[in-house]
Amino acid sequence: MSETIKPEKYFLRDDEQSYAFLADAIVPEKNCYGKEIQLVDENNQLAGKSLHINGDSSVSDYADRYKQHGFYFNADNCISCHACESACSEKNDLPAHLAYRAVGYLEGGSYPSYSRLNISMACNHCDDPVCLKGCPTRAYTKFAEYGAVLQDPDICFGCGYCTWVCPYNAPQLDMTKGHVHKCNMCVDRLEQGLKPACAAACLAGALDFGVTETTPENRQQLKTQIPGFPSPDITHPNIRFQQTKSLPNEMRRTDSVAVKYQRSGSSGEYQAELDISKADSAKYWNLKKLLSSHENAHIIFTLSSQAVIGAFLLYMLAPLLGLEKISSGFNQAFLEIFISLFALFSLGMIKLNLHLGKPQRFYRGFNNWRLSPLSREIAGVSLFFIGFAGFGLVTVFEQYNILAIQQVLNSKVLRVLSMLTAVLAISGAVIGLYYMIKLYLIPTRPYWNHWQTASSFVSTTLVLGAVSIVLVSSLASRQIEPALIHQAAIVALCGLLLEAAGLIVHARDLKKNKGEGALSHFEQTTRFGNAYVLRNLLLALNTVGLSIIVFAGLTENYAVLTALLLMASIFISALIGRALFYVLVVPTSMPGAFFWRNKGFQQHARETGLAKMQQVGVLPD
Amino acid sequence: MLFGRNKKNPIKIADKGVVEWKYTTCGYCSTGCSIEVGLDKAGEAVASRGVGGADVNRGKLCLKGIFEHELFRSAGRGKTPLMRDRYFDDFKEASWDTALDKVAAEISSIQQQHGPDAFAIVSTGQIMTEEFYTLGKLARGVIGTNNYDGNTTLCMASAVSGYKRSFGSDGPPGCYDDFEHTECLLAIGSNLPEQHPVIYWRLKQALEKRRFPVIVIDPRVTMFAQMADMHLPITPGTDVVLLNALAHVILDEGLEDRAYIEAHTDGAQEFAALVAEYDPLTASRICGIDEDTIRNVARIYAKSGSAMTIWTMGINQSTHGSDGVVGINNLNLITGNIGKPGGTSLSITGQCNAMGTREWSSCSGLPGYRLLEKQQDRKDIADFWGIDEEFFPKKRGLFQTDIFPAIETGQIKGLWLIATNPMTSMPNTARIRKTLEKLDFLVVQDAYADVETNEYSHVYLPAAIWAEKEGCFTNTERRVNLISNVVKPYENSKADLWIFNQLAKRFEQGRKIRFPESASAVFDELRHLSKGRMLDYSGMSHQKIKAQRGIQWPCSEADETGTARLYTDGKFQHENAKARLIALPFVDNNERPDEDYPFWLNTGRVVEHFHTRTRTGKLGNLNKFSPTPYMEMNPDAARELGIHHGGYARLTSRRGDAVVMVQLTHRVAPNSVFIPFHFHECVNRISLGLLDPHSRQPAFKQAAVKIEAAASQAVAAKNNATSRTY
């Protein structure tokens, strides 16, 4: 006996049980962050519309449709049976290597007085969705219906920036498909009056779902935090917790992240701390890991774009600081420098673009310019590139009178063109650089979330800008011009001093940060300790070298060799520094399990070949 | 409010395009959840969901059930029969006729040369009741070997044996509804949330309505132990001592149900005399639970209006497994907690149809809980099948765990394995390999051609799996439920029932006996043979079972529906209708840790595994939660040995060695480790599996091992990856 599905409510099973239905609740007006729970009223233009899920144009008449909904997790009860995760993966037809919902855990105490705290986590459909704000393509939408934050993989170009900013590891970058996808709150089930698949599948009375800020039947608490869960201040997540059972003072993670959670005596809250027991305090080079990370494209892009922007800004603005020689040095070999910078910049852009999951969608990068620092960075850098290319072409055409341009356009027009492109390039450079810095100031990434990111990027702009001009101009003229070198050295020295100041304060502040920031610092002095020391040494040497040039001048003997060595040293130091910047960042993350969502195991599986088997659930490199 | 886009795109959500849902019952554990499998337009199974109106699971499923539809097309399935002359030759594909002719010929030849019992059959708890019954008919009525058993010897044999000793018959007397009535729940060696998550959910639902004490006895701090009101971290292998001590306190303090004992039990005096020796102080020194706690638990249990005990492998897989079950029954008999709502001894069964094989497969006797030892039972069945009563042996033959040693020493020459994988599941893998090499003829009948035991077979018969067939399973609470046919068997695989029937035709006696072709026609024979007996099926039919989402036996012709509990009238299955209180002297024959092997080795299952992972290991969404063998070890112990979290360690025992990844956790005692046992070439390389004298079930959970860091982490990692490849 088989029944055909009823298209109108096909999720509704025969004899559907009460636990599966969205429950009625008395809803407060505002949530604990002071935000209205009713997102729009019924007369709003956003209300009364169909979600058009898979071509279905019906509209649910559920009374609370425009109220913010969210998950409720009773941490007292979760047994880590994986039913929620599995129901989610089954419904969304997900491959083994990826999941919208994951259960990880913390454990503490000593046998037999041992406690394990399991945490089931998916998307929290936040009041302040940082994913939506960060996404450059506008793939994210927060719906007035249920307050669901939905992501559209058909828009996404796979940059993964949302995975950087989300504190809950909700967005999943699927490397096999080149785009992100994530929890969709099962809005298709909600439209049929049913809770999401995960909540309906829970076997322990742990996971529930409903209008946010309402306590389910038989539950006592509406907490916004439990140990292992990041600060709700970042995004105002729509998840509420119960966690009444006493836990040991120290709760450890079983995954490879060397962070534990320590109960503070005064507040009783658990704070992230470095878990030294997991860490190896020997110093290593780890050069392979350092230089072959997934973020290589970012290393190349930031270094090259900053060098080019720096060179151009110095060319345009150095005379204002009395450093005319830099501009004239640039001018002397304008064609060569322009072509070199153009090539360098193109390389960075191409690398960055190819790093996208879907490079052919690169043009969508500006879409979210209203909200996303990444969009603005892309816009700024692109403006710069257009201005810079235009300026360069105008200048070169003029210099060499290509196509008899001086006759075709009078000099006034050429002047205006030159001015316009220069202004465009300068404003693009400023905007681009500002948002290039801004986009790394992410609360979930303490290593980056510091003014040192700004000092480092500005420093690279100055140092590599000056070095580029000197290098190409000297190569083009096959001679060293002491005045140019002197002025460039002043700029570079300022840059290095800024970098050094930033690094010193950064290291001091990281040590004060107890959790992931402290872990980043620990890693920079251990796992990548030798590279870190080398970079610092080079930085010091370069500073000394440049100081000598600035204050005593470049000695005539071995001038070429000294200059070349110094430039090479500056370049190596910048490269190592930038590689460290990407490899050392430890994002705050939801605790994983021993195998699932354990970065250490994933890496091990890739190294040993276990990952080649799809059933292991780890994507190979 | 921030919305991102005001003009919204349509939403796309994965749609599997289910056009039809088909009713069936889950084929993993014996919780017995009703499942519907969703078929798309092309008739492919693409989704699974729980059945809302099924009393057992009420719409819920555990992760294995959630992905069960993926089994039909999972990797490693057998496509066609395979044959070879010697186990080290390459397989050649064969037709069913050729393969079955070969099997029949080899069985006859071995039996002619070495006697009827030189060919052994080891079956399973995985196939349908109708198939078990048919296999039993073939084994007992046609082939006539007395060395015929099921792999239930590895899981529920101790429960069967304990029930028989106490109550005179197998058959769990309680049901899940007892959670709604009990005033105290004692769980011994049951990790319910992990092994039977849906039963745990039923318990949790009862607890949400009404609080009652939950006491968990387990050497490991499982999630159940953590959720319990009291956790008793017992010393491995000493449950009987604790149970005796609980009885001691109850009798000593006069908390027993004297009227019930007098009316319904035998042996009270001898029992009292024995438990008198197990005062809480004496017991505490053996079982590691302090005397105050023992007294407290005994009092809570005895003073509860109703109290129940559940257990699983923690009791069964022990050299005192059968005694442990009897000890639990003793406890419930002296407190009058049998056959009343909320008062019961409920074994939480392992395999989906372990109950079906116990009831109908004739492994340990004859169909319908009949015994070979009883003349009337032999006559009943011989008459019904139309064979000579003398064809049956008068005593049951070897258990599974005795069949292998008999192969080892040459008394058994041929073996037929049905849906079981001793290469992974039996203790002491090296010995099993050596044993299987010695067989003149091995037939492996399994849904998976890559089942590890197939390495030693001469003929491989590809079986259909789960809902590629039709038939019934009986669950933990005696509920018979229906698996309806959802999809066609994979490639050229065949239903086990068809295989048994075709093989029967190849024997002269098989052509004389009726072997019905359809499962429902076989079911009619079960109804007939169970009429008026304790396990009465006569009121059931496939249709009625489906309509009621399962029916609990007994269900007589007069009954509209099934029966929740057994022994409600206090009448038991022993001749005098009384239950027996049995004295259980404790002899500590566990392989205890010593200087050479200082750690207790505990083994068990984890929620995402089942039945040597032939199925669950193939589904990435299950396997990913534990894709590689690992060991839970206490960090304090590991520190002394230089063993690291996430590294590899080597364990050695008196049997051999195993290399596993290490997970450091205080969940286990400093002198104890835990390793999941469904990984091939893993913990059973070192387990001992001392046999229970009554049930012949191996003690998988008590052995002594030595532990060291793997000499080379890189080599260990490489070997591990290689051994997981398929």
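Residues numbered from 1 in each chain as written. Chains lettered and ligands numbered in written order. Predicted model: local features only at pLDDT ≥ 70, side-chain atom pairs only at ≥ 80, totals over all residues.

1. Here we look at the overall build of chain A
In terms of helices and strands, chain A carries 18 helices and 13 strands. Computed over its C-alpha atoms, the radius of gyration of chain A comes to 28 Å, within 12% of the 25 Å expected for a compact globule of 621 residues. Taking the principal axes of its C-alpha atoms as reference, chain A extends roughly 90 × 60 × 45 Å. Taken across its 621 residues, chain A has 53% of its residues classed as buried. Long-range contacts, defined as pairs at least 24 residues apart, comprise 73% of the intrachain contacts of chain A with a sequence gap of at least 6. (Helix = DSSP H or I, 4+ residues; strand = E, 2+ residues; numbered from the N terminus. Rg over C-alpha atoms; globule rule 2.2 N^0.38 Å. Buried ≥ 20, exposed ≤ 12 C-beta atoms within 10 Å, placed from the backbone. Contact = placed C-beta atoms within 7 Å.)

2. Let's talk about the interface of chain A and chain B
Of the residues lining the interface, 71 residues belong to chain A; the matching set on chain B comes to 71 residues. By residue number, the principal contributor to the side of chain A that touches chain B is helix H1 (residues 83-91) of chain A, which donates six residues. Along the lines of polarity and charge, the residues of the side of chain A that touches chain B split into 30 nonpolar, 26 polar and 15 charged. (Nonpolar A, V, L, I, M, F, W, Y, C, P; charged D, E, K, R; others polar.)

3. Quick look at the domain arrangement of chain B
As a measure of interface size, the accessible area lost when the parts come together is often cited. Residue and element names in this part refer to chain B. Domain annotation for chain B reports domain 1 (82-155 + 352-552), domain 2 (157-347) and domain 3 (599-723). Put simply, the middle of domain 1 and the middle of domain 2, counted by C-alpha atoms, are 34 Å apart. Tallying the contact residues gives eleven residues for domain 1 and eleven residues for domain 2. For the side of domain 1 that touches domain 2, the residue count by class is four nonpolar, four polar and three charged. (Domains from an automatic or database assignment.)

4. Some remarks on the sheet that holds strand E15 (residues 441-446) of chain B
Sheets are built from strands that pair by backbone hydrogen bonding, the pairs being arranged parallel or antiparallel. All names here are of chain B. In space, the seven strands of this open sheet follow the order E5-E4-E16-E15-E14-E6-E7, with mixed pairing throughout. Sheet topology places strand E5 (92-93) and strand E7 (148-150) at the edges, where each strand pairs with a single neighbour. Two strands pair when backbone bridges link them, and E15 and strand E16 (residues 459-462) are joined in this way by four bridges, in the parallel orientation. When the sheet's bridge partners are listed, Gln 445 is paired in E16 with Leu 461. (Pairing = 2+ DSSP bridges.)

5. Details of the nonpolar core
Core analysis: the largest hydrophobic core is formed by 421 residues, its most contacted members being A:Ala466, A:Ala492, B:Leu242, B:Leu246 and B:Val660. The element contributing the most residues to this core is helix H7 (residues 296-317) of chain A, with eleven residues. Apart from the residues within four sequence positions on either side, A:Ala492 is in contact with A:Leu462, A:Val463, A:Ala466, A:Val467, A:Leu546 and A:Ile570. Among the nonpolar cores identified, the runner-up in size contains five residues, and B:Leu366, B:Leu372, B:Trp385 and B:Phe392 belong to it. (Core = buried A, V, L, I, M, F, W, Y, C linked by C-beta atoms within 7 Å.)

6. Looking at the domain arrangement of chain A
Residues and elements named next belong to chain A. By domain assignment, chain A separates into domain 1 (7-247) and domain 2 (287-583). Look at where the C-alpha atoms of domain 1 and domain 2 centre, and you get two points 42 Å apart. Among the secondary structure elements, those contributing two or more residues to the side of domain 1 that touches domain 2 are helix H2 (130-134) and helix H3 (161-165). Of the residues forming the side of domain 1 that touches domain 2, the biggest block, three residues, is contributed by H3. In terms of residue class, the side of domain 1 that touches domain 2 is built from twelve nonpolar, five polar and two charged.

7. Regarding the packing of helix H8 (residues 324-332) of chain A against helix H14 (residues 482-512) of chain A
All names here are of chain A. At their nearest, the axes of H8 and H14 sit 8 Å apart, and the two run at 120° to each other. Taken together, the axes of H8 and H14 are oblique relative to one another. Pair H8 / H14 crosses with left-handed handedness. Together, Lys 325, Ile 326 and Gly 329 of H8 and Ala 483, Leu 484, Gln 487 and Ala 488 of H14 make up the contact between the two elements. For the contact of H8 with H14, the residue count by class is four nonpolar, two polar and one charged. (Axes fitted to C-alpha atoms, helices over the stretch in contact; angles between N-to-C directions. Parallel < 35°, antiparallel > 145°, perpendicular 65-115°, else oblique. Left-handed = near helix turned anticlockwise from the far one by under 90°.)

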